[in-house]
Amino acid sequence: MKTLIKNSLLLGTIASFALLSCDNRTAEEKWEAQIRAFFYEYKDDSQSYVPLRFYKVDAAFLNNQQTVQTALLVLQDTTRQRVKQLHLTNLSDKVESISAFTQPFQIDRLDDYLKLRASAEGELRRKQKSYSESYQLVLAKEELAIETLGKLLSQFNLSIYSIDFENQPIIYFHEYRINGEDMSAVFELDRENGRVVSFREVS
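Values in this document were obtained by computation on a predicted structure and should not be read as measured data. (Residues numbered from 1 in each chain as written. Predicted model: local features only at pLDDT ≥ 70, side-chain atom pairs only at ≥ 80, totals over all residues. Heavy atoms only, no water.)

## Some remarks on the overall build of the protein
Here is step 1: Across its full length, the protein holds seven helices and four strands.
Here is step 2: The N-to-C order of helical and strand elements in the protein reads α-α-β-α-α-α-α-α-β-β-β.
Here is step 3: Put simply, the protein has 203 residues, and 35% of those count as buried.
Here is step 4: Total accessible area on the protein is roughly 12700 Å²; 51% of this is exposed by carbon and sulfur atoms. (Helix = DSSP H or I, 4+ residues; strand = E, 2+ residues; numbered from the N terminus. Buried < 20%, exposed > 50% of the residue type's maximum accessible area, 1.4 Å probe, protein only. Areas by Shrake-Rupley, 256 points an atom, 1.4 Å probe, with all protein chains shown as cover.)

Structure, rendered in structure tokens:
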């Protein structure tokens, strides 16, 4: 009986210790902690480091950027014009795959858009020797929008041709203060162990 009680107490102690030692932080809190630890470990002036804001760079973060919203609206409108061109040149069978982009779409579908756009434009080029001035203007606006998105995404180590928030490293945009100066940086963290794999200050 005494042995049973002893064992029960021992198991209870172990269980309590296990519960207390569990890390109940969210994934975001763990990633942010790794970023803070990076400063304390690798920065000479870490004593003056003050974390201000952390932003996980994902589809939601990017879709909330006004630059992204404006550019995607241009691409959406361009698709409507492209669909008209496909109908006018008897390429209606090519419309179905690209017509989804006449409706609002998210930044993480941009790489799909670019593939379908290239295919549709290839078909149109084979059918038409030249485009109307109005359609050329539409295409010029589209190119500018794509260039704008490319520049913005590259700031966060992302490519317009391959956007995958599920399998790529976790990306954070971090604003902080060192020696009284406000600064910001982009961090990439390993998805498995949460360690910082790259760091780049943003001017």
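Resuming the write-up.
## Focus: the packing of helix H4 (residues 66–88) against helix H6 (residues 110–127)
Here is step 1: Running from N to C, H4 and H6 cross one another at 30°; their axes reach a closest spacing of 11 Å. Comparing their axes, H6 and H4 come out roughly parallel. Considering how the two elements wind past one another, H4 and H6 form a crossing that is left-handed. Residues Leu75, Thr78, Thr79, Arg82, Gln85 and Leu86 of H4 lie in contact with H6, whose contacting residues are Leu110, Tyr113, Arg117, Ala120, Glu121 and Leu124.
Here is step 2: By residue class, the composition of the contact of H4 with H6 is six nonpolar, three polar and three charged. (Axes fitted to C-alpha atoms, helices over the stretch in contact; angles between N-to-C directions. Parallel < 35°, antiparallel > 145°, perpendicular 65-115°, else oblique. Left-handed = near helix turned anticlockwise from the far one by under 90°. Contact = heavy atoms within 4.5 Å. Nonpolar A, V, L, I, M, F, W, Y, C, P; charged D, E, K, R; others polar.)

## Focus on the pattern of salt bridges
Here is step 1: Inspection of the entire model under this criterion finds ten salt bridges.
Here is step 2: Of the charged contacts in the structure, one is a salt bridge between Asp77 and Arg80, with a shortest N-O distance of 3.9 Å. One end of the pair is Asp77 and the other is Arg80, both in helix H4 and three residues apart, which spans about a single turn.
Here is step 3: Judged by relative accessible area, which is 36%, Asp77 ranks as partly exposed.
Here is step 4: With relative accessibility at 35%, the residue Arg80 sits in the partly exposed group.
Here is step 5: Between Glu123 and Lys94 there is a salt bridge, and its shortest N-O distance comes to 3.9 Å. One end of the pair, Glu123, is in helix H6; the other, Lys94, is in the loop between H4 and helix H5 (95–99), with 29 residues separating them in the sequence.
Here is step 6: The structure contains a network of salt bridges with shared partners spanning Arg82, Arg117, Glu121, Glu142 and Glu143. (Salt bridge = Lys/Arg side-chain N within 4 Å of Asp/Glu carboxyl O.)

Nothing here speaks to function; it is geometry throughout.
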